[in-house]
Amino acid sequence: MGQLDGKVAVITGSTSGMGRDTAYLFAKEGAKVVVTGRNEERAKAVVDKIKADGGEAIYVIADTSDLSQVDRVYETTMATYGTCDILMNNAGKLSVTPIQQMTLEEWTAVFNVNVTSAMLLTQKFEPELKKNHGHVVNIASVAGCASHWGPIAYCTSKHAMVGMTEAMARELGPEVHVNGICPGAIRTAMLDSAGGEAACGGMIEMSPLKRIADGSEIATAALFLATDASSFIDGQLIRVDGGVDC
Ligand SMILES: NC(=O)c1ccc[n+]([C@@H]2O[C@H](COP(=O)([O-])OP(=O)(O)OC[C@H]3O[C@@H](n4cnc5c(N)ncnc54)[C@H](OP(=O)(O)O)[C@@H]3O)[C@@H](O)[C@H]2O)c1
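Attention in this report is confined to the structure presented alongside it. Since the model is a prediction, treat every value here as computed from it, not as a measurement.

Quick notes on the rules
Residues numbered from 1 in each chain as written. Predicted model: local features only at pLDDT ≥ 70, side-chain atom pairs only at ≥ 80, totals over all residues. Helix = DSSP H or I, 4+ residues; strand = E, 2+ residues; numbered from the N terminus. Rg over C-alpha atoms; globule rule 2.2 N^0.38 Å. Buried ≥ 20, exposed ≤ 12 C-beta atoms within 10 Å, placed from the backbone. Contact = placed C-beta atoms within 7 Å. Near = placed C-beta within 6 Å. Nonpolar A, V, L, I, M, F, W, Y, C, P; charged D, E, K, R; others polar. Core = buried A, V, L, I, M, F, W, Y, C linked by C-beta atoms within 7 Å. Pairing = 2+ DSSP bridges. Axes fitted to C-alpha atoms, helices over the stretch in contact; angles between N-to-C directions. Parallel < 35°, antiparallel > 145°, perpendicular 65-115°, else oblique. Left-handed = near helix turned anticlockwise from the far one by under 90°.

### Here we look at the overall build of the protein
In step 1: For the protein, the count of helices and strands is eight helices and nine strands.
In step 2: A globule of 246 residues ought to have a C-alpha radius of gyration of about 18 Å, and the protein, at 17 Å, matches this closely.
In step 3: Principal axes of the C-alpha set define a box for the protein whose edges measure 45 × 40 × 40 Å.
In step 4: Of all 246 residues assigned to the protein, the portion counted as buried reaches 48%.
In step 5: Residue pairs in contact within the protein that sit at least 24 positions apart in sequence constitute 72% of those at least 6 positions apart.

Structure below.
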């Protein structure tokens, strides 16, 4: 018997990285998984693998830098599975642009993907989540805890995700548990696009574990936060960062 048997889990940004690893783990634990992202080829590959392994999943293509596409995730989930028990707001857009070169267009796109679409999706699914005594898991970052881990738009958006998690917990309680994760350096496409391990600065050195992590190490933390194993934890951001002290 799986820990998520009968549950419907929507995981944004699950076409790659830690979202994809979480989709595989949640499906293995019995959840029906809604995979989202912009890249249809990768989305289909994730769903195909879940099905080949005996699980159940669909995908929804939506570019959430355009907020008009967010509803598609809600509508398709409801049309297919009729409810939602777990919402993992994971999709993220990295920005390394310093303030003097920042455009309002880039700033808005980062906030739409990293913050606003998460709020809109949570708003949409709130009645289902309340009815089901569900769970929201928000993916922030160590850049949401300390400013030196990220340039301005990314860092500010992740600080917003931390604050939003605490505020959401108050507004959605007592029925819905809302928690989050602040990952450190995780081996994903996003980290590769920023220069991989070499771009982690002092993070590896500062970490007692002296390494970066795999997405599966975020997936197991997400599973904990998406089940009753975390029944008295609410409004918290768990740092999964190898013990970086900042
Ligand atoms: N890797 C790290 O070291 C690290 C550290 C701290 C926090 N994080 C956070 O972890 C989360 C997952 O990132 P990751 O590291 O796993 O990176 P990733 O492998 O690049 O995955 C990012 C996911 O977000 C989706 N996404 C990006 N832009 C989107 C958009 N405009 N509309 C819809 N979906 C979009 C991508 O899907 P498509 O490409 O299909 O659109 C992909 O599935 C992000 O919130 C990130 O900020 C990562």
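### Considerations on the site of the ligand
In step 1: With respect to spatial proximity, 30 residues lie near the ligand, and among them Gly13, Gly17, Gly37, Arg38 and Gly92 are the closest.
In step 2: A class-by-class count of the residues in the shell around the ligand yields eleven nonpolar, 15 polar and four charged.

### Points about the nonpolar core
In step 1: Ala9, Ala23, Phe26, Val33, Val35, Ile181 and Ala222 are the most contacted members of the largest nonpolar core, which totals 68 residues.
In step 2: Here the element with the most residues in this core is helix H5 (residues 152-172); it accounts for eight residues.
In step 3: Those residues in contact with alanine 222 that lie beyond four places of it in its chain are Thr22, Met88, Val137 and Ile181.

### Some details on the sheet that holds strand E9 (residues 237-240)
In step 1: The seven strands lie next to each other as E3-E2-E1-E4-E5-E6-E9, forming an open sheet whose pairing is parallel. In this open sheet, the two edge strands, each paired with only one partner strand, are strand E3 (56-61) and E9. Strand-to-strand twist across the sheet, computed as the mean angle between neighbouring axes with direction ignored, equals 15°.
In step 2: Two elements, strand E2 (residues 32-37) and E3, share six bridges in a ladder whose sense is parallel.

### What about the packing of helix H1 (residues 17-28) against helix H8 (residues 216-225)?
In step 1: Relative orientation of the contacting elements H1 and H8 amounts to 55°, with a least axis distance of 8 Å. Judged by the inter-axis angle, H1 sits oblique to H8. At the point where H1 passes H8, the crossing takes the right-handed sense. Here Met18, Asp21, Thr22, Leu25 and Phe26 of H1 lie close against H8, whose contacting residues are Ser216, Ile218, Ala219, Thr220, Ala222 and Leu223.
In step 2: Grouping the amino acids of the contact of H1 with H8 by side-chain chemistry returns seven nonpolar, three polar and one charged.

### Quick notes on the environment of threonine 188
In step 1: As for its position among the elements, threonine 188 is in the loop between strand E7 (186-187) and helix H6 (189-193).
In step 2: Between the C-alpha atom of threonine 188 and that of serine 16, which follows or precedes it by 172 residues, the distance is 7.6 Å.
In step 3: Not counting the four nearest positions on each side in its chain, threonine 188 is found in contact with Ser16, Gly17, Met18 and Gly215.

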